[in-house]
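Chain by chain, the residues run as shown.
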Amino acid sequence: MSPIETPFLIRPATGDDVDTLLALWEIAAENDARPVDTREAVERLLERDPGACLLAVLEGGNDPIGSIIAGWDGWRAHLYRLAVHPEHRRRGIARALLSAAEEALVEHGATRADAMVLSSNTLGRQLWSGLGYTEQQEWRRWVKPLELRPR
Ligand SMILES: CC(C)(COP(=O)(O)OP(=O)(O)OC[C@H]1O[C@@H](n2cnc3c(N)ncnc32)[C@H](O)[C@@H]1OP(=O)(O)O)[C@@H](O)C(=O)NCCC(=O)NCCS
């Protein structure tokens, strides 16, 4: 039996979505080897760039079943937190989220988008390669933790 089609919409996240978004990421997102998500971090993102976080929601519903962050810093475009609720996977939701994110980034002037993908995330690797992304072999990311300054 083929899965029932799920009509969904893509819309920007707002401050009202922070709790349900954090709940979605807990069950749906890639959560290893990365900073922990916090309410404050999502609020800071939405304050700085209100259009950066896109959500997939079921038609007639409000809670997110999918998400992506399209980060544009004026120089480069980075994609984060692409995640789809396990009950709604393989129905083109990630494809639609990514397409909307790429469209927004192109509008900003971006000529390339990238995503950090854990080497061990087979599903993630299948997704990115299925949607036209290729792994860069010649670069390694160098990182240093910074101390959070309270507002
Ligand atoms: C990866 C993830 C976002 C995919 O979401 P999704 O809505 O199921 O993906 P889509 O249905 O839009 O699939 C788009 C393409 O990705 C690839 N893909 C997605 N899931 C796949 C799977 N289980 N096996 C193989 N290819 C897959 C296919 O190329 C697919 O295109 P197709 O359906 O035409 O074959 C989802 O599985 C998820 O949230 N995983 C956990 C979080 C995660 O790893 N995110 C990526 C972080 S780097």
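Each remark here, short or long, concerns the structure printed above.
Residues numbered from 1 in each chain as written. Predicted model: local features only at pLDDT ≥ 70, side-chain atom pairs only at ≥ 80, totals over all residues. Heavy atoms only, no water.

Draft legend 1. Quick look at the environment of Leu 79. Mapped onto the elements, Leu 79 comes out in strand β4 (residues 77-84). C-alpha of Leu 79 to C-alpha of Ser 119: the two residues are 40 residues apart in sequence and 16 Å apart in space. (Helix = DSSP H or I, 4+ residues; strand = E, 2+ residues; numbered from the N terminus.)

Draft legend 2. Structural detail: the packing of aromatic side chains. Taken as a whole and judged by the stated rule, the model has 1 aromatic pair. Above the ring of Trp 25, the side-chain terminus of Arg 81 is found at 5.1 Å from the ring centroid. (Phe/Tyr/Trp six-rings, centres within 6.5 Å; stacked < 30°, edge-to-face > 60°. Lys NZ or Arg CZ within 6 Å of the ring centre and 35° of its normal.)

Draft legend 3. Examining the nonpolar core more closely. In this structure, Ile 68, Leu 79, Ile 93, Leu 97, Leu 98, Ala 101 and Leu 105 are the most contacted members of the largest nonpolar core, which totals 17 residues. Broken down by secondary-structure element, the contributors of at least two residues to this core are β2 (53-58), β3 (64-72), β4 and α3 (93-108). Sorting elements by how many residues they give to this core places α3 first, with 6 residues. Within the second largest apolar cluster, 14 residues are counted, among which are Ala 13, Val 18, Trp 25 and Leu 46. (Core = buried A, V, L, I, M, F, W, Y, C linked by side-chain atoms within 4.5 Å. Buried < 20%, exposed > 50% of the residue type's maximum accessible area, 1.4 Å probe, protein only.)

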